[in-house]
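Understanding the architecture of this molecule
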Amino acid sequence: MKLFSSNLNLAIESSCDDFSCSILKKNDSKINIISNVVYSQDFIHGIYGGVVPELASRNHIKSAIPAVNIALSKANIKLKEISLVSVTSGPGLAGSLLVGLMTAKTLSYALKIPITAVNHIEGHIFSPFLNSNIKEVFPFIALVISGGHSHIYIVKSHEDIKLIGKTRDDACGEAFDKISNFLNYGYPGGKIIDELAEKGSINAFNFSMPMEHSGNFDLSFSGLKTQVISEINKLGGPKHLQEETVFDIFACLRETIAKILYKKVMSVCEYTGIKDVSISGGVSANSRIRSIFLESGKLNVFFPEPAYSTDNAAMIGYTGYFKKPVDPIINKEIFYNINAEPSWEL
Ligand code: KG4
Ligand code: ZN
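Residues numbered from 1 in each chain as written. Chains lettered and ligands numbered in written order. Predicted model: local features only at pLDDT ≥ 70, side-chain atom pairs only at ≥ 80, totals over all residues. Heavy atoms only, no water.

A separate point is the coordination of the zinc ion (ligand 2). Coordination of the zinc ion (ligand 2) by the protein comes from His-120 (NE2), His-124 (NE2) and Asp-311 (OD), over a distance range of 2.1 to 2.2 Å. Read in sequence order, the donor residues for the zinc ion (ligand 2) give the motif H-x3-H-x186-D. With His-120 and His-124 both in helix H4 (residues 120-126), this residue pair falls four residues apart, about one helical turn. Judged by its relative accessible area of 6%, His-120 falls in the buried class. (Donors = N, O, S within 2.8 Å, 3.2 Å for Na, K, Ca; no water. Helix = DSSP H or I, 4+ residues; strand = E, 2+ residues; numbered from the N terminus. Buried < 20%, exposed > 50% of the residue type's maximum accessible area, 1.4 Å probe, protein only.)

Attention shifts here to the nonpolar core. One finds Ile-257, Leu-261 and Phe-293 to be the most contacted residues of the largest nonpolar core, which totals 49 residues. At the level of secondary structure, the elements contributing two or more residues to this core comprise strand E6 (140-145), strand E7 (150-155), helix H5 (172-182), helix H6 (189-197), helix H7 (222-234), helix H8 (243-272), strand E9 (276-280) and helix H9 (287-296). Per element, the largest residue contribution to this core is 16 residues, and it comes from H8. Listed in part, the 28 residues of the second largest apolar core include Leu-8, Ile-12, Val-68 and Ile-82. (Core = buried A, V, L, I, M, F, W, Y, C linked by side-chain atoms within 4.5 Å.)

Close contact between H7 and H8 brings their axes to 11 Å; oriented N to C, the two are set at 165°. One way to sum up the angle between H7 and H8 is to call them roughly antiparallel. Of the two elements, H7 crosses H8, and the hand of that crossing is right-handed. Between H7, through Leu-224, Val-228 and Ile-232, and H8, the contact on the second element is made entirely by Ile-249, Leu-253, Thr-256, Ile-257 and Ile-260. Counted by class, the contact of H7 with H8 contains seven nonpolar, one polar and no charged residues. (Axes fitted to C-alpha atoms, helices over the stretch in contact; angles between N-to-C directions. Parallel < 35°, antiparallel > 145°, perpendicular 65-115°, else oblique. Left-handed = near helix turned anticlockwise from the far one by under 90°. Contact = heavy atoms within 4.5 Å. Nonpolar A, V, L, I, M, F, W, Y, C, P; charged D, E, K, R; others polar.)

Taken as a whole, the protein is organised into domain 1 (8-127 + 309-336) and domain 2 (135-303). Computed over C-alpha atoms only, the centres of domain 1 and domain 2 are separated by 28 Å. Here domain 1 and domain 2 share an interface that buries about 1,500 Å² over both sides, 64% of which is from carbon and sulfur atoms. Contact with domain 2 buries area across many residues of domain 1, yet Ile-125, Phe-126 and Ser-309 alone supply 37% of it, more than any other trio. (Domains from an automatic or database assignment. Buried area = accessible area lost by both parts, 1.4 Å probe.)

A few words on the packing of H5 against H6. Interhelical geometry of H5 versus H6 gives an angle of 75° and a closest axis separation of 8 Å. Viewed along their axes, H5 and H6 adopt a mutual orientation that is roughly perpendicular. Between H5, through Phe-176, Asp-177, Ile-179 and Ser-180, and H6, the contact on the second element is made entirely by Gly-189, Gly-190, Ile-192 and Ile-193.

If you walk through the whole model with that rule in mind, you get 15 salt bridges. Between Arg-254 and Asp-194 there is a salt bridge whose closest N-O contact spans 2.7 Å. Within this pair, whereas Arg-254 is found in helix H8, its partner Asp-194 is found in helix H6, the two being separated by 60 residues in sequence. Under the relative-accessibility criterion, Asp-194 is labelled buried at 12%. Here Lys-234 and Glu-231 are joined by a salt bridge, their closest N and O atoms 3.7 Å apart. Pair noted here: Lys-234 and Glu-231 are both in helix H7, with a separation of three residues, about one helical turn. Its relative accessible area of 65% is what places Lys-234 among the exposed residues. Residue classification places Glu-231 among the partly exposed residues on the basis of a relative accessible area of 21%. Taken together, the salt bridges that share partners define one network made up of Asp-170, Glu-174, Lys-178 and Lys-225. (Salt bridge = Lys/Arg side-chain N within 4 Å of Asp/Glu carboxyl O.)

With that settled, consider unusual backbone geometry. The peptide bond linking Gly-90 to Pro-91 adopts the cis configuration, its omega dihedral lying at -15°. For Pro-91, the location among the structural elements is in the loop between strand E4 (84-90) and helix H3 (94-111). Of note, the amide linkage connecting Tyr-187 to Pro-188 takes the cis form, showing an omega dihedral of -10°. Although it is not a glycine, Asn-76 sits at a positive phi angle of roughly 60°. Topologically, Asn-76 is positioned in the loop between helix H2 (53-75) and E4. The class for Asn-76 is exposed, based on a relative accessible area of 68%.

The structure is reproduced here in structure tokens:
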């Protein structure tokens, strides 16, 4: 069995349509990212207006070995120097997860080094602490907003993470993506809408905020999506809108989503008395969501660097250091059974 001569971790994330590999190093309690490579498939799925699961896993097969090689060479590290492998084992698309898992398990077995299986959402929750001087302060509230998640957690430690509220239907990233698709502005729509919203007016439309007074911490975005689509149809449909009107719709949609999230998180903070908040996931790159939280001055809010907002292996490697390592020889049975958990809830 290889001795721990270094704390170099090779991490893999492939839960959806990005294949990412990252090399991290741990010195005492400080974790540094040495490289982080992401193979995006946006250009493949864009033409379908959303992720096609089979295409995602088939393209991961092509990206896996190059991504590992490039992450190692960018880090100037040899494969034999790696002492730990971390990998996303859920939640996500089964086929996509399996490609990353088999790559990671093969590396762990061949190099005779331990592996840690990581929950993708937990990776997002801790992503604001990547490459940052901000220390983890427990307990904190975590808002995870992405293409598949709009979830709120109370995080007391790496082992104690409790779901307190979540969307009852669409995720907020899905609302951005679907409206962008409907108006033929491209996929994924979040970043496109964020940029074009700058040119519109937030006073042009008055969209209501579903679940605002629900008395719990759940969210909903499907009703908002329907409001926007019916407004577009009232104006004659996507093909008949002036560009200025589209910018106004984007501005009002972004403003409404930012307000929904801010109000809900504020109510969680008031209820729990916790003021430290981590906001992560692809949608956390949104400039209005960032400003509404930062400008309020009422909370201590941590956002990941934009590169670590969307899916990346660095957050999986970071979180992987806090998980119990499974040795492929000593813990053979557990190792063999590490598998894709597409619906793994924290
Ligand atoms: O975390 P992520 O990369 O993948 C999932 O786990 O889903 O998030 C992708 C989502 C997409 O819905 C995309 O439209 C959204 O993040 N997104 C944004 C922005 N950048 C990416 N949404 C709003 N504003 C942005 N700037
Ligand atoms: Zn994600």
